[in-house]
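# Report on the structure
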Amino acid sequence: MAEHASRRCCLGWDFSTQQVKVVAVDADLNVFYEESVRFDRDLPEFGRRSQAPPGPASSGRLRLLPAQSAFSGSPRRTRGGVHIHKDGLTVTSPVLMWVQALDIVLEKMKASGFDFSQVLAVSGAGQQHGSVFWKAGASQVLTSLSPDLPLGQQLQACFSITDCPVWMDSSTTAQCRRLEAAAGGAQALSRLTGSRAYERFTGNQIAKIYQQNPEAYSNTERISLVSSFAASLFLGSYSPVDYSDGSGMNLLQIHDKVWSQVCLGACAPRLEEKLGPPVPSCAAVGAISSYYVWRYGFHPGCQVVAFTGDNPASLAGMRLEEGDIAVSLGTSDTLFVWLREPVPALEGHVFCNPVDPQHFLALLCFKNGSLTREKVRDESASCSWGEFSRALRSTQMGNGGNLGFYFDVMEITPEATGRHRFNAEGHEVSAFPRDVEVRALVEGQFMAKRLHAEGLGYRVVPKTKILATGGASHNRDILQVLADVFGAPVYVMDTANSACVGSAYRAFHGLVAGTNMPFSEVVKLAPNPRLAATPAPGAAQVYEALLPKYAKLEQRILSQVQGPPE
Ligand code: 5FX
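Everything numeric here is computed off the predicted structure, so don't read it as measured data.

What counts and what doesn't
- Residues numbered from 1 in each chain as written.
- Predicted model: local features only at pLDDT ≥ 70, side-chain atom pairs only at ≥ 80, totals over all residues.
- Heavy atoms only, no water.
- Near = heavy atom within 4 Å.
- Polar contact = N/O pair within 3.5 Å; in protein donor to acceptor, adjacent residues only side chain to side chain.
- Areas by Shrake-Rupley, 256 points an atom, 1.4 Å probe, with all protein chains shown as cover.
- Nonpolar A, V, L, I, M, F, W, Y, C, P; charged D, E, K, R; others polar.
- Buried < 20%, exposed > 50% of the residue type's maximum accessible area, 1.4 Å probe, protein only.
- Helix = DSSP H or I, 4+ residues; strand = E, 2+ residues; numbered from the N terminus.
- Arc of directions from axis to C-beta.
- Contact = heavy atoms within 4.5 Å.
- Pairing = 2+ DSSP bridges.
- Axes fitted to C-alpha atoms, helices over the stretch in contact; angles between N-to-C directions.
- Domains from an automatic or database assignment.
- Buried area = accessible area lost by both parts, 1.4 Å probe.
- Salt bridge = Lys/Arg side-chain N within 4 Å of Asp/Glu carboxyl O.
- pLDDT = per-residue confidence, 0-100.

Right, let's get into the site of the ligand. Every residue near the ligand is listed here: Thr 17, Gln 127, Gln 128, His 129, Trp 167, Arg 200, Asp 310, Asn 311 and Leu 363. Separating an oxygen atom of the ligand from a backbone N or O atom of Gln 128 is a distance of 3.1 Å. A distance of 2.8 Å separates an oxygen atom of the ligand from a polar side-chain atom of Asp 310. Taken by itself the ligand offers 290 Å² of open surface, and the protein chains cover 86% of this. Here the residues of the shell around the ligand sort into 2 nonpolar, 5 polar and 2 charged.

Right, here's the structure in full:
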């Protein structure tokens, strides 16, 4: 039997856009096992869309027949786990693909000799915002699964919508405008739910399904997020939505942790009963279904801890704490911010915190990330990261007062485009010397991150640490600028599996959540991130003086784009 056979452990699952993955983490918080299934590669049969186009849907109680494909044309694989529809806006994934992927991962684990009887608890993550529509009668199937058959075979007819809207969908602009109007405007909706209306947010997706396919909607007994759907598969009954992933729906009042009646009413009728009450993210929602006990040998006492969204689960995997910030420097740059008192705004998202129900998590996305850094490297640093670093080292903190904005594609935070350079006197200039250009780009990108995080209520505190991940986190000189601009030390860690690992950590936390033991205590044995840069002496004075100037110039650019306020 394999070496991993008999360690007491928790399992962390990730139902992401492209794959289903699991890790096993032992009581010393070592990851000792991982397995995955990639949808495009391992389940090519889901190349064809199976969802009937809007129109009369099959009604009545559940019939155990597979959903029929209503689409002709050559089968095509999912691309990155999704189907992009002809309108270019609608993006879906087949729900049975997710179910079958789970079957395959479990069978692979069994074949490898994995000892399921040692699993104390399971938890998991799902791509955020995606939704699953369970057909009337599905609950009965879920509670009486036969251990002799795979899940995919038994759940084939359990869904009223077989192609689920996912986070990449942007087809619900009309529904967003309606929801904002009902809530008293975008700002009011953001104050209530943590975000203004976004196309991918689940409430707007549900509203679209209700409007375009009312029969399928009324034949739906339960609506899950991808996370609570995956938890339901383990529980053998409907798992509640957790507060943190529930905050990505434009439906949950993030302070009171209850569904907003105004938002529910604006989206679809009888929605509250189809969603069920939300629960704290660290809640143990029940023991694993007897299906897994009989088929795989799980212990009947193995607990299912509420699943959450992939971003909240990553926060847990990175072990962020109050005042910390994680900066992912990838194609787009993303900021995760731990907040105590959020100020929801028209940009970014505020979610309930997955490891501390009193606190919050903000997410900000900056579209001009590594592609812009590479472009400036090619133009001003001879296509070389070595030269780029040298330029950063040969220029001073604050760049002699020169400030730059580099929005090569339409930026999300803030909504602006183009390159804008200003000298120390605040005059717009058309170009900078090469080294100044490099520093203006990197300082500008990090000042924007700090300012917009502060706009959501973030404050650097003495114990703040910055966790840098993604491609650019390998460049020490870029990290030095990050430490200087934020006035806080920068750490790096391997976060490739952070959603899975965070889910396993959350499973351990769920086991003791009743004792009020804080998450930080549960994960104190986990590997520590590595210190990569500390702020240089004098950095705080330089950037505290520059940040208000940067903010003013950003406003100037925005008023040029949008026109002066009325
Ligand atoms: C967050 O709001 C998102 O839409 C994405 O990061 C998805 O969670 C990716 F799965």
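Along helix 5 (residues 173–183), the residues classified as buried are Gln 175, Cys 176, Leu 179, Glu 180 and Ala 183. Seen from one end, helix 5 has its buried residues packed into an arc of 135°, which puts them on one side. Facing away from the buried side of helix 5 by over 90 degrees, the exposed positions are Ala 174 and Ala 181. Buried residues along helix 5 sit in contact with helix 6 (186–193), helix 7 (202–212) and helix 11 (261–267). Just downstream of helix 5, Gly 184 is the residue with a positive phi angle, here 90°.

Moving on, we come to the sheet that holds strand 5 (residues 91–94). With antiparallel pairing, the 3 strands of this open sheet are ordered in space as 4-5-9. Each edge of the sheet is formed by a strand with only one pairing partner; in this case those strands are strand 4 (83–84) and strand 9 (163–165). Relative to strand 5, strand 4 is paired through 2 bridges, and the arrangement is antiparallel. Bridge pairing in strand 5 links His 83 to Thr 92. Lying on the sheet, helix 2 (residues 95–111) is in contact with strand 5 and strand 9; it crosses strand 5 at an angle near 40°.

The next thing to look at is the domain arrangement of the chain. With domains assigned, the chain is organised as domain 1 (2–50 + 65–312) and domain 2 (319–492 + 536–566). Counting from both sides, the interface comprises 25 residues of domain 1 and, opposite them, 18 residues of domain 2. Of the roughly 1,700 Å² buried at the junction of domain 1 and domain 2 (both faces included), carbon and sulfur atoms supply 59%. Run the count over domain 1 and domain 2 and you get 1 salt bridge. Between Glu 415 and Arg 196 there is a salt bridge; the shortest N-O distance is 3.9 Å. Counting every contact that joins domain 1 to domain 2 gives 9 residue pairs in polar contact (both at pLDDT 80 or more). Taken together, the elements giving at least two residues each to the side of domain 1 that touches domain 2 come down to helix 6, helix 10 (243–246) and helix 14 (310–317).

Moving on: the confidence of the model for the chain. Overall, the predicted model of the chain reaches an average pLDDT of 93, with 93% of residues at or above 70. The secondary-structure element of the chain with the lowest mean pLDDT is strand 4, recorded at 94, while helix 9 (residues 226–235) shows the highest, at 99. Residue range residues 51–75 is modelled with pLDDT below 50. Its contacts to residues more than four positions away, or to other chains, number 49 contacts.

Before going further, it helps to examine helix 14. Of all 8 residues in helix 14, 7 are buried, a share of seventy percent or more. Every buried residue of helix 14 is accounted for by Asp 310, Pro 312, Ala 313, Ser 314, Leu 315, Ala 316 and Gly 317. Phi turns positive one or two residues past the end of helix 14, at Arg 319, with a value near 55°.

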